[in-house]
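Close look at the chain arrangement
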Amino acid sequence: MNAPVTAAVRPTPMLEFRSVDRRYLDGGALVHALSGLSGSIAPGEFVAVMGPSGSGKSTLLNLAGGLDEPTSGQVLVDGTDLAALDPHELAALRRRKVGYVFQRLNLIPALTAVENVMLPLELDGLSMRAARAAAKASLADAGIVELADRAPDALSGGQQPRVATARALAGERRLLRADEPTGALDTITGESV
């Protein structure tokens, strides 16, 4: 007797681009940063976007994280169309589901390393105690928990990106977007990150 054939259930893509265009004006000239981009990334999948300077890598990452809007097309994160969200819903989705490592790191100078990592967790309603515990665990994963109480300007050029990475990974993030996260790191540290 033959067993019934069942269709495999495909998980909802973690990130999906549907015919995405992004154009903008630069000094009066129209720039086509992205044109007709379609594709998806499955949960657990690792994707590296590479290309020369000015090829649209940062634009793609900003769209993926809801920091920019496409000129046309759709960007979906975990099945949610970002354009369908009001500003408060979009901010909540970014805090809860997307971790960011910015090219310029965006560490807050007035906060210590642990406070920088705690901030998005606290903004999302986690208690200070729980946020501190999660932040310290993330700093430990990055191999720099001993630097928790240092301000960003007291950290080396290699330690700062590790704090930014720890901040991006703290909590329950399902999508990590990183814009040259290991550019300032030595080879061994870059590989561990």
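Residues numbered from 1 in each chain as written. Predicted model: local features only at pLDDT ≥ 70, side-chain atom pairs only at ≥ 80, totals over all residues. Heavy atoms only, no water.

Turning to the overall build of the protein chain, a few remarks are in order. Across its full length, the protein chain carries six helices and six strands. When its helices and strands are written in sequence order, the protein chain yields β-β-α-β-β-α-β-α-α-α-β-α. Once the C-alpha set of the protein chain is aligned to its principal axes, its extents read approximately 65 × 55 × 35 Å. Expressed as a percentage of the 193 residues in the protein chain, the buried residues total 34%. A sequence separation of at least 24 residues applies to 63% of the contacts in the protein chain between residues at least 6 apart. Total accessible area on the protein chain is roughly 11500 Å²; 53% of this is exposed by carbon and sulfur atoms. For the protein chain, the separation between the mean place of its 19 positive charges and that of its 22 negative charges on side chains is 2 Å. (Helix = DSSP H or I, 4+ residues; strand = E, 2+ residues; numbered from the N terminus. Buried < 20%, exposed > 50% of the residue type's maximum accessible area, 1.4 Å probe, protein only. Contact = heavy atoms within 4.5 Å. Areas by Shrake-Rupley, 256 points an atom, 1.4 Å probe, with all protein chains shown as cover. Lys, Arg positive; Asp, Glu negative; His and termini not counted. Charge placed at Lys NZ, Arg CZ, Asp CG, Glu CD.)

Moving on: the environment of L34. Inspection of the secondary structure assignment puts L34 in strand 2 (residues 29-41). For L34, a relative accessible area of 10% translates into the label buried. Residues L34 and G65 lie 31 residues apart in sequence; the distance between their C-alpha atoms is 15 Å.

Contact geometry of helix 3 (residues 113-123) with helix 4 (residues 128-141) gives a least axis separation of 8 Å together with a crossing angle of 125°. Viewed along their axes, helix 3 and helix 4 adopt a mutual orientation that is oblique. As for the relative orientation of helix 3 and helix 4, their crossing is right-handed in sense. For the pair helix 3 and helix 4, contact is made by A113, V114, V117, M118, L121 and E122 and by M128, A131, R132, A134, A135, K136, S138 and L139, respectively. (Axes fitted to C-alpha atoms, helices over the stretch in contact; angles between N-to-C directions. Parallel < 35°, antiparallel > 145°, perpendicular 65-115°, else oblique. Left-handed = near helix turned anticlockwise from the far one by under 90°.)

Side chains of nonpolar character tend, in soluble globular proteins, to be buried together. Formed by 21 residues in total, the largest nonpolar core has its most connected members in V114, V117, L139, I144 and V163. Where this core is concerned, the elements lending two or more residues are helix 3, helix 4 and helix 5 (159-169). Residues within four places of I144 in sequence aside, it is in contact with L139, Q159, R162 and V163. By size, the runner-up hydrophobic cluster in this structure holds 17 residues, among which are V20, A64, V75 and L90. (Core = buried A, V, L, I, M, F, W, Y, C linked by side-chain atoms within 4.5 Å.)

Here we take up the pairing of strand 3 (residues 72-77). Note that strand 1 (residues 15-26) and strand 3 share five bridges and pair antiparallel. The partner of E16 across the bridge, within strand 3, is L76. Two elements, strand 3 and strand 4 (residues 80-81), share two bridges in a ladder whose sense is antiparallel. Following the sheet pairing, L76 is matched in strand 4 by D81. (Pairing = 2+ DSSP bridges.)

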